[in-house]
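Single-letter residue listing:
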Amino acid sequence: MEGQTVTTAMPRIGDKAPSFKAVTTQGPIEFPEQYAGNWVILFSHPADFTPVCTSEFMTFATMEEQFAKANCKLVGLSVDGLYSHIAWLRTIKEKIEYKGMKDVEVKFPLIEDITMEVANKYGMIQPGEATTKAVRAVFFIDPAGVIRTIIYYPLSLGRNFDELYRVLIGLQTADKFGVALPADWRPGDDVIVPTAGSCGVAKERMESTEMTCHDWFFCTKKIAKDEVLKAILKG
Ligand code: BEZ
């Protein structure tokens, strides 16, 4: 790391996503500006031509359309170079068969970050885990370019893609319906109504048939799965 400036400040939930320009397998990008109006998942992986990352890329690529239906684009990053990225993605398409996935083409951009400039900006290099590789970071960025959720996994553990999709749908549901979501929420489960601002409202709610109040501060209501999905998914 000699001669390199390492930024240790990490972006946090609620911050504007730090801007950068980079080269990717799909051409140059200006991040997050060119994603304005879309949700975007920016994620890092430790290294090309490694098994856990390969299983993850095949899964991301297989789910790309599912994320797109929720107005979400994918952008990957590792500290490898562009030619390594291209060779690895070609190997995945031409040679790898895994869990029923084969002939998998990764169509979303994969950023080359040999200088680690972007990885450092986003706190993806976590020296206790590795100084020369990014950890498995996942940033959920909203259409206004604000970071809404951050999840980190270590080198040895592949991400849970059901959870990544659940987080995306949950964030959009919370925004669209003005609600919060309880533990393990999935579309169709009851949602949490914001806590009442006065005793009067709290009392009304406790007596309401439209909500279930477990106490004055904890009321839930139903939103049908179809209503959630119709509000979020395209087509
Ligand atoms: C993997 O993706 O398999 C991997 C990458 C870096 C360290 C350990 C595992």
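Please refer to the structure placed before this passage.
Residues numbered from 1 in each chain as written. Predicted model: local features only at pLDDT ≥ 70, side-chain atom pairs only at ≥ 80, totals over all residues. Heavy atoms only, no water.

### A look at the packing of aromatic side chains
- Evaluated as defined, the whole model comprises 16 aromatic pairs.
- Relative to phenylalanine 60, the ring of phenylalanine 43 has its centre 4.0 Å away and its plane inclined at 25 degrees; by these criteria the two rings are stacked. A residue pair is termed long-range when its members are at least 10 positions apart, and phenylalanine 43 in strand E3 (residues 39–44) and phenylalanine 60 in helix H1 (residues 51–62) qualify at 17 residues. Across this residue pair, the class does not change: phenylalanine 43 and phenylalanine 60 are buried.
- Clustering of aromatic rings is evident, with ring pairs tying together Phe43, Phe57, Phe60, Phe67, Trp88, Phe108, Phe161 and Tyr165. (Phe/Tyr/Trp six-rings, centres within 6.5 Å; stacked < 30°, edge-to-face > 60°. Helix = DSSP H or I, 4+ residues; strand = E, 2+ residues; numbered from the N terminus. Buried < 20%, exposed > 50% of the residue type's maximum accessible area, 1.4 Å probe, protein only.)

### Observations concerning the site of the ligand
- Around the ligand, the neighbouring residues are Pro46, Thr50, Pro51, Val52, Cys53, Arg136 and Leu155.
- For the ligand, an oxygen atom lies 2.7 Å from a polar atom in the backbone of valine 52.
- Between the ligand and cysteine 53, the relevant distance is 2.8 Å, taken from an oxygen atom to a main-chain nitrogen or oxygen of the residue.
- Across the complex, the protein chains shield 79% of the 260 Å² of accessible surface that the ligand would expose by itself.
- A per-element tally of the shell around the ligand places H1 first, with 3 residues.
- Looking at the shell around the ligand residue by residue, the classes come out as 5 nonpolar, 1 polar and 1 charged. (Near = heavy atom within 4 Å. Polar contact = N/O pair within 3.5 Å; in protein donor to acceptor, adjacent residues only side chain to side chain. Areas by Shrake-Rupley, 256 points an atom, 1.4 Å probe, with all protein chains shown as cover. Nonpolar A, V, L, I, M, F, W, Y, C, P; charged D, E, K, R; others polar.)

### Side note on the pairing of strand E2 (residues 27–31)
- In this structure, strand E1 (residues 20–24) lies alongside E2, joined through 5 bridges in antiparallel fashion. Opposite valine 23, over in E2, you have proline 28 as the bridge partner.
- Here E1 hands over to E2 after 2 residues, the two strands then running antiparallel side by side. (Pairing = 2+ DSSP bridges.)

### Re the pattern of salt bridges
- Counted by the stated rule, this structure contains 9 salt bridges.
- With a closest N to O distance of 2.7 Å, arginine 159 and glutamate 56 form a salt bridge. Pair noted here: arginine 159 is in the loop between strand E7 (147–153) and helix H5 (161–177) and glutamate 56 is in helix H1, with a separation of 103 residues, a long-range link.
- On the basis of relative accessible area, arginine 159 is assigned to the buried category, the value being 6%.
- Owing to a relative accessible area of 2%, glutamate 56 belongs among the buried residues under this scheme.
- Two residues, aspartate 103 and lysine 93, come together in a salt bridge whose shortest N-O distance is 2.6 Å. In this pair, aspartate 103 sits in the loop between helix H3 (82–95) and strand E5 (110–112) while lysine 93 sits in helix H3, placing the two residues 10 residues apart along the sequence.
- Taking the relative accessible area as the measure of exposure, lysine 93 reaches 29% and is therefore partly exposed. (Salt bridge = Lys/Arg side-chain N within 4 Å of Asp/Glu carboxyl O.)

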